[in-house]
Amino acid sequence: MSFLTLAAAGSSAAAVSTSTVTASISAAAVDVASVSGWQILRLPLLEAILVGALGGLVGGLAVLHQRIFFTESVTHATFPGAVLGVVCAVPLAAGLSTMQRHMVLSLCLFAGAALMCIPMAWLMHRLARIPGQSSQAAAGIVLTLGFALGYFLLKWFQPLPLRIESFLTGSIVSVRPADVVAAAVVLLVAVVVVLAVGNKLVFYAFDGSGFRAAGLSGARAEGIILMLIVATIVVLIPAVGTILPVALVAAPAAGLTPLVKSWRTLFVVAPLAGVGIALLGVVVSVLFELSAGGMIAVMAGLFYLVMMLVQRLVCRVRG
């Protein structure tokens, strides 16, 4: 059976599956109090809780280490990797059951997105070392290259068993158990890292020279932070796609940082804010039949604006 035949069959099945799930969730929104309504919404809401907490927690590290623009470039770097991962998954998923096919697609999507971050991060590092070239400019080049390459590959290999919206803005209403498990595993790893070496990572963020003078490895700390960011962006793809994860990573921590007094407080309240943003985005999208990924990003932006207004109000009261 040819690749196009397999992809077309998979695309039709995925479209039908997504439409069915969306219709079911829209119906559930009418009567969320019913048992069946909560059963349909259970998986998307669980995914929202996990990715919200993960985005807030890892976002705290990204904000403190000033790696938000790196995060933005990584989100676009995952785009071509996710496409290639799904392309590789098509022949592997041939002849499998629906559940097994979705499992293979999810695993290959995650693997492809994560692996593509390696050459893109290397390219960004090399560009930043060019005399007169800033790290922001290097990240901007990689961001543009990643999105353009991803869109080119998506068109080149069409039809694929996933719609373009799944890559760009995600589809949290149709997430699979494998997606939820992946988000839970990365969240668990992030929590363990913060509990084990969070104080050292914060030390490195505020005083890199002192960190190295104390005999600690700056390269290791940098590697831990970057790996957490990459892993977070990868597992956020099913929920918010490849261009919107930065909103869920940046907004909670960036909005709360000026208002909290310690990094420990930030690492508690930022994940809670992320959970609230994600849940509110999902609920609003279901009630009004809008894009869940888009609404989560909108809620993240509104949260940041509200926090900026609160900060100004606090400054006026104190001043």
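As the structure is a computational prediction, the values presented were derived from the model and not from experiment. (Residues numbered from 1 in each chain as written. Predicted model: local features only at pLDDT ≥ 70, side-chain atom pairs only at ≥ 80, totals over all residues. Heavy atoms only, no water.)

Peer 1: Outline the overall build of the protein, supporting the account with residue identities and numerical values.
Peer 2: Looking only at helices and strands, the protein features twelve helices and zero strands. Ordering the α and β elements of the protein from the N terminus gives α-α-α-α-α-α-α-α-α-α-α-α. Counting every position in the protein, which comprises 319 residues, the buried fraction comes to 49%. In the protein, 76% of the contacts between residues at least 6 apart in sequence involve partners at least 24 apart. For the protein, the computed accessible surface area is about 15,100 Å², with 70% contributed by carbon and sulfur atoms. (Helix = DSSP H or I, 4+ residues; strand = E, 2+ residues; numbered from the N terminus. Buried < 20%, exposed > 50% of the residue type's maximum accessible area, 1.4 Å probe, protein only. Contact = heavy atoms within 4.5 Å. Areas by Shrake-Rupley, 256 points an atom, 1.4 Å probe, with all protein chains shown as cover.)

Peer 1: Requested: an account of the nonpolar core, with residues and values cited.
Peer 2: The biggest cluster of nonpolar side chains holds 93 residues, and the ones touching the most others in it are Leu54, Ile172 and Leu236. Among the elements that take part in this core, helix H2 (residues 35-64) stands out by supplying 13 residues, more than any other. If we ignore the near neighbours within four places in the chain, the residues touching Ile172 are Pro44, Glu47, Ala48, Pro238, Ala239, Val282, Ala292 and Ile296. (Core = buried A, V, L, I, M, F, W, Y, C linked by side-chain atoms within 4.5 Å.)

Peer 1: Go over the environment of Leu145 with me, naming the residues and quoting the values.
Peer 2: By the secondary structure assignment, Leu145 is in helix H5 (residues 135-156). Along the chain, Leu145 and His76 lie 69 residues apart, while their C-alpha atoms are 8.2 Å from each other. Leu145 has contacts with Met120 and Leu123, leaving out every residue within four places of it along the chain.

Peer 1: Go over the packing of aromatic side chains, please, and point to the residues and values.
Peer 2: Under the defined criterion, the tally for this structure stands at six aromatic pairs. Look at Phe79 and Phe147: their rings are 5.6 Å apart centre to centre, the planes differ by 45°, and that puts the pair in the tilted class. Linking Phe79 in helix H3 (residues 68-92) with Phe147 in helix H5, this pair joins segments that are 68 residues apart in sequence. A residue is classified by how much of its surface remains accessible, and Phe79, at 0% relative accessible area, is buried. Each ring, one from Phe147 and one from Tyr151, has its centre 6.4 Å from the other, and the planes form 25°; the classification is stacked. Of this pair, Phe147 and Tyr151 both sit in helix H5, four residues apart, which is roughly one turn of the helix. Looking at Phe147, the relative accessible area reads 31%, which means it is partly exposed. By way of ring pairs, the aromatic residues Phe79, Phe147 and Tyr151 are connected into one cluster. (Phe/Tyr/Trp six-rings, centres within 6.5 Å; stacked < 30°, edge-to-face > 60°.)

Peer 1: Provide a residue-level description of the layout of surface pockets, including the pertinent values.
Peer 2: Reported here for the largest pocket is a volume of approximately 510 Å³. Within the residue set of the lining of the largest pocket, elements represented by two or more residues are H3, helix H4 (98-128), H5 and helix H9 (218-240). The element contributing the most residues to the lining of the largest pocket is H4, with six residues. (1 Å grid on protein atoms, 1.4 Å probe; cavity = no way out; pocket = protein on both sides within 12 Å on 5 of 7 lines; lining within 4 Å. Points joined across faces, edges and corners; volume = space filled by probe spheres on them.)

Peer 1: Just give me the short version of unusual backbone geometry, but keep the residues and values in it.
Peer 2: Gln158 connects to Pro159 through a cis peptide bond whose omega is 0°. You can see Pro159 is positioned in the loop between H5 and helix H6 (164-168). Even without being glycine, Gln66 reaches a positive phi, approximately 55°. Within the element layout of this structure, Gln66 appears in the loop between H2 and H3. Despite not being glycine, Glu289 has its phi angle at roughly 55°, a positive value. Examined against the element boundaries, Glu289 turns out to sit in the loop between helix H11 (263-288) and helix H12 (292-318). Look at Glu289 and you get exposed, because its relative accessible area is 61%.

Peer 1: Can you tell me about the environment of Thr242, naming the residues and giving the values?
Peer 2: Of note, Thr242 is situated in the loop between H9 and helix H10 (245-256). Given a relative accessible area of 0%, Thr242 falls into the buried group. On a C-alpha basis, the gap between Thr242 and Ala82 in space is 8.7 Å, while along the polypeptide they are 160 residues apart.

Peer 1: Got a sec to walk through the pattern of salt bridges? Specific residues and values, please.
Peer 2: Per the stated rule, a full pass over the model turns up one salt bridge. Between Arg67 and Glu222 there is a salt bridge, and its shortest N-O distance comes to 2.6 Å. With a gap of 155 residues between them, Arg67 in the loop between H2 and H3 and Glu222 in helix H9 connect regions that are remote in the sequence. Under the relative-accessibility criterion, Arg67 is labelled partly exposed at 24%. Exposure remark for Glu222: the relative accessible area of 16% places this residue in the buried category. (Salt bridge = Lys/Arg side-chain N within 4 Å of Asp/Glu carboxyl O.)

Peer 1: Any details on the packing of H10 against H12? Residues and values, ideally.
Peer 2: Put simply, H10 and H12 touch, their axes get as near as 9 Å, and they point 15° apart. If you check the angle between H10 and H12, you find them roughly parallel. Our pair here, H10 against H12, has a crossing hand that is left-handed. Residues Ala247, Leu248, Ala251, Pro252, Ala254, Gly255 and Leu256 of H10 touch H12, and the partners they reach there are Ile296, Ala297, Ala300, Phe303, Tyr304, Met307 and Met308. (Axes fitted to C-alpha atoms, helices over the stretch in contact; angles between N-to-C directions. Parallel < 35°, antiparallel > 145°, perpendicular 65-115°, else oblique. Left-handed = near helix turned anticlockwise from the far one by under 90°.)

Peer 1: How would you sum up the state of the cysteines? Please name residues and give values.
Peer 2: Overall, the coordinates contain zero disulfides when judged by the stated rule. Of all cysteine sulfurs, the one in Cys108 lies closest to Cys88, which takes part in no disulfide; the gap is 6.9 Å. (Disulfide = S-S within 2.5 Å.)

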